[in-house]
Amino acid sequence: MEQIIANGLYLGAQYALIALGLTLIFSLMNVLNFAHGQMYVLGGFVTYTFVAQLKLPFIVGLLASAVVLAVVGALVEKFLFRPVIRKSRREEGTMLLAAGIAFFLDAVILLVFGEKQRGVPKIVNGVFNWDFRLVMPYDRILIGVLAIAAIVGFILYMQYSRTGRAMRALAQDRVAAQLMGVDVDRYSMIGFALGAMLAGVVGGLLVTITGINLGMGGPTSIKAFMMIMIGGAGVISGAIAGGFILGMMESIGLSVLAAYGDITYLVIFASLMVFLAFRPQGLMGKPWG
Amino acid sequence: MNAQRLLGIAGFLLAVFVLVPWGIAASGRWDFYYTLTSVALLSIGAAGVWLTFYIGRINIGQGAYALMGGYVSAVLITKAGFSFWATLPLAGLFCAVISVLIGLPILRLRGVYFAMVTLVLTEVTRLTALALPVTNGAKGITSIPLPSELSVFGLTIIPDFATMQNPKLAFYLLAATLMVLGYAALWRIVNSRLGHLCRSLQQNEELASSIGVNTAYLRVLAYAISSFFGGISGAVFVAISQSIYPSSFVVTDSINFMLYCFLGGLGYVFGPMLGTLLLYFGWDLLSVAKQYQLLIYSSAMIALMLAVPNGILSLLDRKGGQK
């Protein structure tokens, strides 16, 4: 039981971090970022390049992932999303663009990093063992703690910094924020960069444990969509709740339903559909997002 | 005006049924038949997605219904001994019934919520196909016989595909016929009372319901028609490839169906057809670029979106084009 909860918390911390980036972008610009999973993969590959190939310390790789993805996010917003949002008649038009960017990042990753599974050496060795009731490798604990630290840092930043306040105002009411003198363009760009950066950080963290490969992008995006559906799109607390709930369900499902074959995700999906029938806006979302 | 429209339709039919087979026979590129058959079938599915766009919902779940339709057809042919021609409408109807059951709860969702739940639906269908015994799990159903003879009162309408010299051409004609019928039906729906009611849903659902439009019934109806199209296109795909696996239609396919609609333009009935042709045929032609295929394809897609964010057919708007 302790093992299941610990696994759930560890998974949930990473999931929440992925969902945070997606929900931030969604709340600021009303864009469903299909390329989020690909950004996560790109972050993993950047860390891999710095740590495994250039032999730099892990923390440098992680920072490099964050910086590279933030730059990518800012450029994507400034040169692609902004003009399309301005000209598009229906706001869903950005979906084609997002999907195009997802394909584009896939192609770039394939050409630059190849299609092989990549990983970096363990950053800390050893296994935490509490009487065999709870067994967890130290590197997983470290990654879990780092992920939670990143979430806390993000919340504090959004809550207390000037930039964070501007972005929250933007998410609440774009026009009102603009009238109060918030530079909408600038904070949209910062928000997108921040969202992409979070995806990159998760990629950098997870490359030490699960490794990274090209095919992980799409499934990651789907999981992130599920999390923000559980929690409610565009709400930060919802993304965190959704991440931890999905992590917990996956952890419980994998141990309880293992006897019936590989149906964990089928059960999760089915219960999600039932849940949404009763509460369409998720746990904490605003109705009709 | 009417003469012009008739001329346009005649020209289109001529191009699809005469010029394309003639051109392929002249150039000897027999592989184009498969590509164009796929384009025709995918555009049927995309037509369904377009109809859900028409009531103001973003549908990224058409892959689910294509997969369902494919499995219904495959199971009926191999396990129950049905003829392919009988399974074709049954596959569509099965999808329509399922979509009513699924649609009743989820069509209450709007915007990205509906989009995401339909995306998840595609994944659910794939996992269900993996888990159910009747679908044979990951091994799929293979060596499905080609469509047999279709006859009414002893009169052969369509000969047995297995005895044909050129089944590729036959499949192309079948897919093109279905596509023409599908788009004719779609055009008829859009320009009927039902279509006008659907347009009112797209613009303002509350207002529509306040003046007495039965919105719940309409959106389920539109979604069921959409899924019917998806099921048909999946069933014919299975007949062509003679096999189906849980991975035959995945999330990428669902997203592609949506992209075809966007690229063609959401304001025009024939938008999805054009979008499918450009994206699928373009992808196929780009295969000469080897490893740069995806890079060029995605760059072209992004460039197109920057140039014409409202779809290619939106270019007609400025000239005051007709629907």
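Residues numbered from 1 in each chain as written. Chains lettered and ligands numbered in written order. Predicted model: local features only at pLDDT ≥ 70, side-chain atom pairs only at ≥ 80, totals over all residues.

### Notes on the overall build of chain B
Thinking step 1. Broken down by element type, chain B carries 13 helices and 2 strands.
Thinking step 2. Relative to the compact-globule value of 20 Å for 323 residues, chain B shows a C-alpha radius of gyration of 20 Å, a close match.
Thinking step 3. By its C-alpha atoms, chain B is 55 × 50 × 45 Å across when sized along the principal axes.
Thinking step 4. Buried residues in chain B amount to 46% of all 323 residues.
Thinking step 5. Partitioning the contacts of chain B with sequence separation of at least 6, the portion at a separation of at least 24 is 75%. (Helix = DSSP H or I, 4+ residues; strand = E, 2+ residues; numbered from the N terminus. Rg over C-alpha atoms; globule rule 2.2 N^0.38 Å. Buried ≥ 20, exposed ≤ 12 C-beta atoms within 10 Å, placed from the backbone. Contact = placed C-beta atoms within 7 Å.)

### Some thoughts on the overall build of chain A
Thinking step 1. Along chain A, the regular secondary structure elements total 11 helices and 2 strands.
Thinking step 2. The helix and strand sequence of chain A, counted from the amino end, reads α-α-α-α-β-β-α-α-α-α-α-α-α.
Thinking step 3. Over its C-alpha trace chain A gives a radius of gyration of 19 Å, about what one expects of a compact globule, namely 19 Å for 289 residues.
Thinking step 4. Principal axes of the C-alpha set define a box for chain A whose edges measure 60 × 50 × 35 Å.
Thinking step 5. Looking at the 289 residues of chain A, the share that counts as buried comes to 52%.
Thinking step 6. Relative to all contacts within chain A whose residues are 6 or more apart in sequence, the contacts with residues 24 or more apart total 75%.

### With respect to unusual backbone geometry
Thinking step 1. Positive phi outside glycine occurs at A:Asn30, with the angle close to 60°.
Thinking step 2. Within the secondary structure, A:Asn30 sits in the loop between helix H1 (2-29) and helix H2 (36-53).
Thinking step 3. Of note in this structure, B:Gln242 is not a glycine but carries a positive phi near 55°.
Thinking step 4. Residue placement: B:Gln242 occurs in the loop between helix H9 (215-241) and helix H10 (251-264).
Thinking step 5. Its 14 C-beta neighbours within 10 Å are what place B:Gln242 among the partly exposed residues.

### A closer look at the packing of H10(B) against helix H11 (residues 271-285) of chain B
Residue and element names in this part refer to chain B.
Thinking step 1. Contact geometry for H10 and H11: axes closest at 7 Å, N-to-C directions at 110°. The orientation of H10 with respect to H11, classified from their angle, is roughly perpendicular. Note on element contacts: H11 touches H10 through Gly271, Pro272, Met273, Leu274, Gly275, Thr276, Leu278 and Leu279, opposite Leu259, Tyr260, Cys261, Phe262, Leu263 and Gly264.
Thinking step 2. When grouped by side-chain class, the residues that make up the contact of H10 with H11 number 10 nonpolar, 4 polar and no charged. (Axes fitted to C-alpha atoms, helices over the stretch in contact; angles between N-to-C directions. Parallel < 35°, antiparallel > 145°, perpendicular 65-115°, else oblique. Nonpolar A, V, L, I, M, F, W, Y, C, P; charged D, E, K, R; others polar.)

### A few points about the environment of A:Glu250
Residues and elements named next belong to chain A.
Thinking step 1. Position of Glu250 relative to the elements: it lies in helix H10 (residues 236-256).
Thinking step 2. Counting along the chain gives 134 residues from Glu250 to Lys116, while the straight-line C-alpha distance between them is 26 Å.
Thinking step 3. Those residues within four positions of Glu250 in sequence are excluded, and the remaining contacts are Leu11 and Thr264.

### Observations concerning the confidence of the model for chain A
Thinking step 1. For chain A, per-residue confidence averages 86 on the pLDDT scale, and residues scoring 70 or more make up 98% of the total.
Thinking step 2. Across chain A, the secondary-structure element scoring lowest on mean pLDDT is strand E1 (residues 127-130) of chain A, at 79, and the one scoring highest is helix H8 (residues 184-206) of chain A, at 92. (pLDDT = per-residue confidence, 0-100.)

### Side note on the interface of chain A and chain B
Thinking step 1. Contacts between the two partners involve 42 residues from chain A, matched on the other side by 38 residues from chain B.
Thinking step 2. Of all the secondary-structure elements, those providing two or more residues to the side of chain A that touches chain B are helix H3 (58-87), helix H4 (93-113), helix H9 (217-231) and helix H11 (264-278) of chain A.
Thinking step 3. At 14 residues, the largest contribution of residues to the side of chain A that touches chain B is made by H4(A).

### Thoughts on the environment of A:Val71
All names here are of chain A.
Thinking step 1. Tracing the backbone through its elements, the reader meets Val71 in helix H3.
Thinking step 2. The class of Val71 is partly exposed, set by 14 C-beta atoms lying within 10 Å.
Thinking step 3. Spatially, the C-alpha atom of Val71 lies 14 Å from that of Leu105, the residues being 34 residues apart in sequence.

### Some words on the packing of H3(A) against H8(A)
Residue and element names in this part refer to chain A.
Thinking step 1. Contact pair H3 / H8: the axes reach a minimum separation of 7 Å and the direction vectors enclose 140°. Every pair of crossing elements has a handedness; the one defined by H3 and H8 is right-handed.
Thinking step 2. The residue makeup of the contact of H3 with H8, split by class, is 16 nonpolar, 8 polar and 4 charged. (Left-handed = near helix turned anticlockwise from the far one by under 90°.)

### Considerations on the nonpolar core
Residues and elements named next belong to chain A.
Thinking step 1. Of all hydrophobic cores here, the largest spans 201 residues; its most connected members are Leu17 and Leu20.
Thinking step 2. Element by element, the count of residues in this core is highest for H1, at 16 residues.
Thinking step 3. Look past the residues within four positions of Leu17 in its chain and what remains in contact with it is Ala147, Ala150, Ile151, Leu198, Val201 and Val202. (Core = buried A, V, L, I, M, F, W, Y, C linked by C-beta atoms within 7 Å.)

### Concerning the pairing of strand E2 (residues 134-137) of chain A
All names here are of chain A.
Thinking step 1. Bridge count between E1 and E2: 4 bridges; the pairing is antiparallel. In the sheet register, Phe128 faces E2, and the bridge partner there is Met136.
Thinking step 2. Where E1 folds back onto E2 in an antiparallel hairpin, the turn is made up of 3 residues, including Asp131, whose phi is positive at roughly 60°. (Pairing = 2+ DSSP bridges.)

### Points about helix H12 (residues 293-307) of chain B
Because each turn of an α-helix spans 3.6 residues, side chains separated by three or four positions end up pointing in the same direction.
Thinking step 1. In a regular helix each residue adds 1.5 Å, so 15 residues correspond to 21 Å; H12(B) covers 21 Å between its end C-alpha atoms and thus fits that length.
Thinking step 2. When H12(B) is considered as a whole, its buried residues turn out to be B:Tyr297, B:Ser298, B:Met301, B:Ile302 and B:Met305. Looking straight down H12(B), one finds that the buried residues subtend no more than 130° of arc, so they occupy a single side. The outward face of H12(B), more than 90 degrees from its buried face, is lined by the exposed residues B:Ala303 and B:Ala307.
Thinking step 3. On its buried face, H12(B) sits against H3 and H4 of chain A together with H11 of chain B. (Expected span 1.5 Å × (residues − 1). Arc of directions from axis to C-beta.)

### Description of the environment of A:Val152
Residue and element names in this part refer to chain A.
Thinking step 1. Looking at the secondary structure, you find Val152 in helix H5 (residues 138-160).
Thinking step 2. In this structure Val152 comes out as exposed when scored by C-beta crowding, with 10 C-beta atoms within 10 Å.
Thinking step 3. Between the C-alpha atoms of Val152 and Ser251, which are 99 residues apart in sequence, the distance is 23 Å.

### A few points about the confidence of the model for chain B
Thinking step 1. Confidence in the prediction of chain B, expressed as mean pLDDT, is 85, and 95% of residues score 70 or more.
Thinking step 2. Scored as a whole, the predicted complex attains pTM 0.85, and scored at its interfaces, ipTM 0.80.

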